[in-house]
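Listed below, chain by chain, are the residues.
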Amino acid sequence: MPTGFNLNYLIYLFQGMGWTVLLSLLAFVFGGLGGFLVMLARISRIEAVRRIANVYIQVVQGVPLLIILFIVYFGLGILGVSMPPLVAAGLALMIYCSAFLGEIWRGSVEAVPRTQTEAAECLALTRWQVLRDVVLPQAIRIATPPTVGFLVQVLKSTSLVSVIGFVELTRAAQVINNTIFQPFAIFGIAGVMYFALCYPLSLWSRILERKLNVGRR
Amino acid sequence: MSVAVKLEDVHKSFGAVEVLKGVSFEVAPGEVVAIIGRSGSGKSTALRCINRLEKVQSGVIEVCERQVNDAKLDLRALRQDVGIVFQSYNLFPHLTIAENIMLAPRRVKHITRAAGRALALEKLAQVGLEEKIDAYPEQLSGGQQQRVAIARSLAMSPRVMLFDEVTSALDPHLTGEVLRVMETLAKGGMTMIVVTHEMGFARRAADRVIYMHMGTVWESGSADILTNPQTPELQDFLANEL
């Protein structure tokens, strides 16, 4: 007979939560870097670059994260590129996030009035200076609420990487439940842990939204 | 430099619509030229062609000895020589007034932050707004924002200043304060091309008035043409303007 829930299981869950946080951070940081490049490509002056970036976004947005994960982990494994689950998971999340963030940020950059760019260009600033000093600071305000909203989604989506054998929070809860079979207690605790991670992000997003709306008047 | 700005038979179309149908005029250094005309007469487009905000289909545009309609044009060099002020001010809302003014001198001419601030203060004094140096654009009235926009342009020490209906968004009181700044600038010897609906300004400050109609220079001359127009179109335009 299985024994009851004890401290060791709780520690195990917290370890899983730690991996969830780490995976989310990997997704945020590398997805953010990739997303910035995708955004730059989408607003490039060169049409071919814009098109390639667009195809990338369309493909990634049209494929479930789970499939990307399988392709990266198992697909590349068969091709002889075997990698530890953490690297595979990080890579898949980066591919996924960079497409979505790239598109969110492109929209934000293009939401900055064209006249701002025009005025800056008329002051003899280079294209890069116009972007850095005039457009991006204004685009960041516009981009913050949808970006944080997307990050909440990503944090929850990291549960999918359990399928490649990665023991993050969801998988840890599953493992414990297989031993002691107390699904309400175990998954309830896991749910509370996810909530404890996501709610502050949501709250922060709402505060930012309010602040930015006031700023816009 | 015998000619600051020269347009010769300039043609410009947006799609199938020809907006400029052979525009020619010259502006001497230190001259103040007012361009008047109805909406859609091509006056703003002509102005925007001068610093290549618009590319033209044919014709010659020469600004400070540069061929603007030349593929090899150094666009940034041109824009250091030519300042422009827009109807909608277009200040950068995330930067203070000081930062708005010193951004381009710091980035383009690589001056220090301290020198940039001193320059901002000097240019703000010129438009009478020193006390607003640390304010943000949204804290200023439209007239004040437009004066800052003028100061921002002047901070790059341009040789020619373009004004694109800069008072059209302002009420008469605020219009007055902006026009006074421009008149002072004109007296100081700045080369200015001013697209405007302010006939009073044209009369007081312009060395020459150009009346544009249907994409061409229809009539031009000293400010006298405003009281003594030669063509029926200008007579008609002036009658409606007053």
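Residues numbered from 1 in each chain as written. Chains lettered and ligands numbered in written order. Predicted model: local features only at pLDDT ≥ 70, side-chain atom pairs only at ≥ 80, totals over all residues. Heavy atoms only, no water.

**With respect to the sheet that holds strand S1 (residues 5-14) of chain B**
Residue and element names in this part refer to chain B. Spatial strand order, S2-S1-S4-S5: 4 strands in an open sheet with antiparallel pairing. Since the sheet does not close on itself, it has two edges, and those belong to strand S2 (17-27) and strand S5 (66-67), each with one partner. Examined bridge by bridge, S1 and S2 share 8 bridges and lie antiparallel to one another. Across the sheet, the residue bridging to serine 13 is glutamate 18, located in S2. (Pairing = 2+ DSSP bridges. Helix = DSSP H or I, 4+ residues; strand = E, 2+ residues; numbered from the N terminus.)

**What to know about the nonpolar core**
Residues and elements named next belong to chain B. With 77 residues, the main nonpolar core has Val5 and Val63 as its most contacted residues. If near-sequence neighbours (up to four positions away) are discounted, valine 63 is found in contact with Ala4, Val5, Ile50, Val68, Leu78 and Val82. Counting 38 residues, the second-largest nonpolar core is a separate cluster that includes Tyr89, Leu124, Val166 and Val194. (Core = buried A, V, L, I, M, F, W, Y, C linked by side-chain atoms within 4.5 Å. Buried < 20%, exposed > 50% of the residue type's maximum accessible area, 1.4 Å probe, protein only. Contact = heavy atoms within 4.5 Å.)

**Thoughts on the side chain of B:Lys43**
All names here are of chain B. Considering the arrangement of structural elements, one finds lysine 43 in helix H1 (residues 43-50). The class for lysine 43 is buried, based on a relative accessible area of 2%. From its side chain, lysine 43 meets the backbone oxygen of arginine 38 in a polar contact 3.3 Å long. Ignoring anything within four residues of it in the chain, the contact list for lysine 43 reads Ile35, Ile36, Gly37, Arg38, Glu165, Val195, His197 and Met212. (Polar contact = N/O pair within 3.5 Å; in protein donor to acceptor, adjacent residues only side chain to side chain.)

**Brief notes about helix H7 (residues 169-180) of chain A**
Residues and elements named next belong to chain A. Taking 1.5 Å of rise per residue, the 12 residues of H7 would be expected to cover 16 Å, and the 17 Å separating its terminal C-alpha atoms lies within 8% of that figure. Of the positions making up H7, those classed as buried are Leu169, Ala172, Ala173, Ile176, Asn177 and Ile180. With its buried residues spanning 135° around the axis, H7 presents them on a single face. Directly after H7, the chain includes phenylalanine 181, whose backbone phi takes a positive value near 45°. (Expected span 1.5 Å × (residues − 1). Arc of directions from axis to C-beta.)

**Observations regarding the packing of helix H3 (residues 97-109) of chain B against helix H4 (residues 113-126) of chain B**
Angle between the axes and distance between the axes: these two values describe a pair of packed helices. Residues and elements named next belong to chain B. Between H3 and H4, whose axes approach to 8 Å, the crossing angle comes to 120°. Regarding the angle of H3 to H4, the classification is oblique. The way H3 lies across H4 gives a crossing that is right-handed. Contacts between H3 and H4 involve Ile97, Ala98, Glu99, Ile101, Met102, Pro105 and Arg106 on the former and, on the latter, Arg113, Gly116, Arg117, Leu119, Ala120 and Leu124. Taken together, the residues of the contact of H3 with H4 sort by class into 8 nonpolar, 1 polar and 4 charged. (Axes fitted to C-alpha atoms, helices over the stretch in contact; angles between N-to-C directions. Parallel < 35°, antiparallel > 145°, perpendicular 65-115°, else oblique. Left-handed = near helix turned anticlockwise from the far one by under 90°. Nonpolar A, V, L, I, M, F, W, Y, C, P; charged D, E, K, R; others polar.)

**Some details on the packing of aromatic side chains**
Taken as a whole, this structure holds 8 aromatic pairs over all chains when the rule is applied. Consider the rings of A:Tyr96 and A:Phe100, whose centres lie 4.9 Å apart with planes at 50°: the pair is tilted. With a gap of 4 residues between them, A:Tyr96 and A:Phe100 both fall in helix H4 (residues 85-111), about one helical turn apart. Under the relative-accessibility criterion, A:Tyr96 is labelled buried at 15%. Between B:Tyr211 and B:Phe237 the ring centres are 5.3 Å apart and the planes differ by 40°, which places this aromatic pair in the tilted class. Here B:Tyr211 is found in strand S9 (residues 208-213), whereas its partner B:Phe237 is found in helix H8 (residues 232-241), with 26 residues between them in sequence. Each of the two residues, B:Tyr211 as well as B:Phe237, counts as buried. Chaining the aromatic ring pairs together yields one cluster made of A:Phe70, A:Tyr73 and A:Phe74. A cation over a ring is seen here: B:Arg152 above B:Phe92, with NZ or CZ 4.4 Å from the ring centre. (Phe/Tyr/Trp six-rings, centres within 6.5 Å; stacked < 30°, edge-to-face > 60°. Lys NZ or Arg CZ within 6 Å of the ring centre and 35° of its normal.)

**A short note on the packing of helix H1 (residues 7-42) of chain A against H7(A)**
Residue and element names in this part refer to chain A. For the pair H1 and H7, the least separation of the axes is 7 Å and the interaxial angle reads 155°. Here H1 is positioned roughly antiparallel relative to H7, judged by the angle of their axes. Counted together, Tyr9, Tyr12, Leu13, Gly16, Met17 and Thr20 of H1 and Leu169, Ala172, Ala173, Val175, Ile176, Thr179 and Ile180 of H7 form the full contact between these two elements. Across the contact of H1 with H7, the residue classes break down as 10 nonpolar, 3 polar and no charged.

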